[in-house]
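# Examining the three-dimensional arrangement
The lines below spell out each chain.
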Amino acid sequence: MKKGLFLLSTFFCIASAQSQVLISLIFGDKLNSPFLEFGLDGGLNFSTISNLETSGTEMGFNLGFYFDIKSKKNPAWMINTGVIVKSPMGAHGLPVYSLNDANLDNTFAGGSVDREIRYFNVPILIKYQFKNNIYLKAGPQAGLLAKAFDKFKNEYNKEDVVYKYNIRDKLHVIDAGIAVGAGYHMNVGNGLNITVQYYYGLVPLMKGDSSPDQYNRSLYVTAGIPIGKGKAAKKRAKEEEEKYKVILPESPK
């Protein structure tokens, strides 16, 4: 019973994650303060799987939201966290293996396989921003498995044929590792920040003892933008103005 409730609550958390991105666009100014920056980020990630025969990295698009929680004693130090809602990983160009189906095996013989694994990733990183606006960050990252499949591809009778084979039950549901990154935070306009970040998985990818040494590896190149930061700053300035406004008495008529 408890396990069922846990799985049900996890499902609703995942289902609501994408809607939270839309909500954040509307209420972003409520989440920004002098010691908290909230925004959306996204970009490309180039992934592979260690100790697995492949012909190259798998490219995907990532999208999420982030929080920079700044230290009140020294705002240069902060905790960088959030959720990468869309975060595909995997590997490109795996050897074709048997699907235990004669027709499928014959169709994709001589073809290739791309492994696509999709997670909801949560980094919890320590971030330090230098005075020149360059920053470094590092810390743990955990991921919750959403989907996983092998995409078989081949040209058959002069047509491109694709077959997706679900492998989710063969992978561990939880992934975890270390993330390190560096970037530049523009201090003008909308405060765009550009980040290059590398994820080094430490949890074996596959279940069982057959492939214990396979781990996720991924390089992220992302751009982030604060949401509602300018609006929040204007709101605070107006509140300060109202706070210190001197109301002069009306002159007698």
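Throughout what follows, the structure given in this document is the object of discussion. (Residues numbered from 1 in each chain as written. Predicted model: local features only at pLDDT ≥ 70, side-chain atom pairs only at ≥ 80, totals over all residues. Heavy atoms only, no water.)

## A short note on the environment of Ile167
- Looking at the secondary structure, you find Ile167 in the loop between strand E6 (159-166) and strand E7 (174-185).
- Along the chain, Ile167 and Asp150 lie 17 residues apart, while their C-alpha atoms are 6.9 Å from each other.
- Ignoring anything within four residues of it in the chain, the contact list for Ile167 reads Tyr97, Arg115, Ala148, Phe149 and Asp150. (Helix = DSSP H or I, 4+ residues; strand = E, 2+ residues; numbered from the N terminus. Contact = heavy atoms within 4.5 Å.)

## A short note on unusual backbone geometry
- Positive phi values are uncommon outside glycine, yet Asn100 reaches one of about 60 degrees.
- Phi is positive for Asn133, which is not a glycine, with a value near 75 degrees.
- A relative accessible area of 12% means that Asn133 is categorised as buried. (Buried < 20%, exposed > 50% of the residue type's maximum accessible area, 1.4 Å probe, protein only.)

## Comments concerning the nonpolar core
- Formed by 19 residues in total, the largest nonpolar core has its most connected members in Ile117, Tyr119, Leu145, Ala148, Leu171 and Leu205.
- Listed by contribution, the elements that provide at least two residues to this core are strand E3 (77-94), strand E4 (112-129) and strand E5 (134-156).
- Of all hydrophobic cores here, the second largest spans six residues; its members include Phe38, Val85, Phe120 and Ile227. (Core = buried A, V, L, I, M, F, W, Y, C linked by side-chain atoms within 4.5 Å.)

## Looking at the packing of aromatic side chains
- Using the criterion set out here, one finds nine aromatic pairs in the structure.
- Consider the rings of Tyr97 and Phe152, whose centres lie 5.2 Å apart with planes at 70 degrees: the pair is edge-to-face. Highlighted residues: Tyr97 in the loop between E3 and helix H2 (102-108) and Phe152 in strand E5, separated in sequence by 55 residues.
- Ring geometry for Phe108 and Tyr163: centres 6.4 Å apart, planes at 40 degrees, overall tilted. Taken as a pair, Phe108 in helix H2 and Tyr163 in strand E6 lie far apart in primary sequence, 55 residues in all.
- Aromatic rings pair up to connect Tyr97, Phe108, Phe152, Tyr163 and Tyr165 into one cluster.
- Across from the ring centre of Tyr135, 4.0 Å away, lies the NZ or CZ of Lys127, which sits over that ring.
- Across from the ring centre of Tyr200, 3.6 Å away, lies the NZ or CZ of Arg217, which sits over that ring. (Phe/Tyr/Trp six-rings, centres within 6.5 Å; stacked < 30°, edge-to-face > 60°. Lys NZ or Arg CZ within 6 Å of the ring centre and 35° of its normal.)

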